[in-house]
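# Report on the structure
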Amino acid sequence: MEKSIVYISMRDDNNIDCSYSIVQKDELKVIIVLKDLECGIFDYNKLKNEKKFKYLLLKQYYDNKSAYKDFLKLIGKMCKKTKSSKYFSNHRIEDNRMIHDNSKNEHMISLEEKKLYNDRYIIFKKFVIDNIDNF
């Protein structure tokens with residue numbers, strides 16, 4: 001069994017108006033950032049060192065309740081992943097962006113949906129980049 005260490009900062013407890021969690025396995029870390037209706041998973045070390053917005057997974061939601069519940073679920077999933085998974089060390093070059101709808105279904109984002117969600121995407125991207133030093 002691999003050991004996972006989890007750090008959590010909730011929106012109500014920090015001054016950056018988001019919830020985030022860092023899941024660490026040895027020297028490898030991922031950060032899960034939930035801001036409003038967007039939740040992204042990033043390689044924490046790369047995010048801090050390169051200061052570039054390159055998500056490993058980005059989910060966009062219809063409602064806050066689903067977003068928060070899925071955020072907690074993603075923390076648990078990252079704890080179960082191995083160090084050799086695509087999230088911790090063997091990153092894939094892919095656009096792993098999903099829509100999580102009200103009926104609890106999720107699917108990969110379509111080209112049409114990318115246009116629909118573009119404003120939210122831009123706001124989330126700017127938020128993450130502007131707050132790298134706060135995570």
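Keep in mind that what you see is a predicted model, and the values were worked out from it rather than measured.

What follows deals with the overall build of the protein chain. Tallying secondary structure elements over the protein chain gives four helices and seven strands in all. Shown N-terminal to C-terminal, the secondary structure of the protein chain runs as helices and strands in the order β-β-β-β-α-β-α-β-β-α-α. Over its C-alpha trace the protein chain gives a radius of gyration of 14 Å, about what one expects of a compact globule, namely 14 Å for 135 residues. When the backbone C-alpha atoms are referred to their principal axes, the protein chain occupies close to 40 × 30 × 30 Å.

Let us look at the sheet that holds strand 5 (residues 55–61). With mixed pairing, the seven strands of this open sheet are ordered in space as 1-2-3-4-5-6-7. Strands at the two margins of the open sheet, each flanked by one partner only, are strand 1 (5–9) and strand 7 (106–108). Looking at each pair of strands side by side, their axes are set apart by 15° on average, direction ignored. Of the strand pairs in this sheet, strand 5 and strand 6 (residues 97–100) are connected by four bridges, and their pairing is parallel. Note on strand 6: the bridge partner recorded for Leu58 is Arg97. Taken strand by strand, helix 2 (residues 64–80) contacts strand 1, strand 2 (19–25), strand 3 (28–35), strand 4 (38–43), strand 5, strand 6 and strand 7, and its axis lies near 10° from that of strand 2.

Let us look at a positive patch on the surface. On the surface, Lys65, Lys69, Lys73, Lys77 and Lys81 cluster together into a positively charged patch. Mapped onto the fold, Lys81 is located in the loop between helix 2 and strand 6.

Our focus in this paragraph is the side chain of Asp70. In this fold, Asp70 is placed in helix 2. Setting aside residues up to four positions removed in sequence, Asp70 forms contacts with Lys59, Tyr61, His100 and Glu106.

The residue Glu38 is located in strand 4 in this model. According to the relative accessible area criterion, Glu38 is buried, its value standing at 6%. Of the polar contacts made by the side chain of Glu38, one reaches the side chain of Arg120; its length is 2.6 Å.

About the criteria used
Residues numbered from 1 in each chain as written. Predicted model: local features only at pLDDT ≥ 70, side-chain atom pairs only at ≥ 80, totals over all residues. Heavy atoms only, no water. Helix = DSSP H or I, 4+ residues; strand = E, 2+ residues; numbered from the N terminus. Rg over C-alpha atoms; globule rule 2.2 N^0.38 Å. Pairing = 2+ DSSP bridges. Axes fitted to C-alpha atoms, helices over the stretch in contact; angles between N-to-C directions. Contact = heavy atoms within 4.5 Å. Patch = residues over 30% accessible without salt bridge, like charges linked within 9 Å, V, L, I, M, F, W, Y side chains within 5 Å. Areas by Shrake-Rupley, 256 points an atom, 1.4 Å probe, with all protein chains shown as cover. Salt bridge = Lys/Arg side-chain N within 4 Å of Asp/Glu carboxyl O. Lys, Arg positive; Asp, Glu negative; His and termini not counted. Charge placed at Lys NZ, Arg CZ, Asp CG, Glu CD. Buried < 20%, exposed > 50% of the residue type's maximum accessible area, 1.4 Å probe, protein only. Polar contact = N/O pair within 3.5 Å; in protein donor to acceptor, adjacent residues only side chain to side chain.

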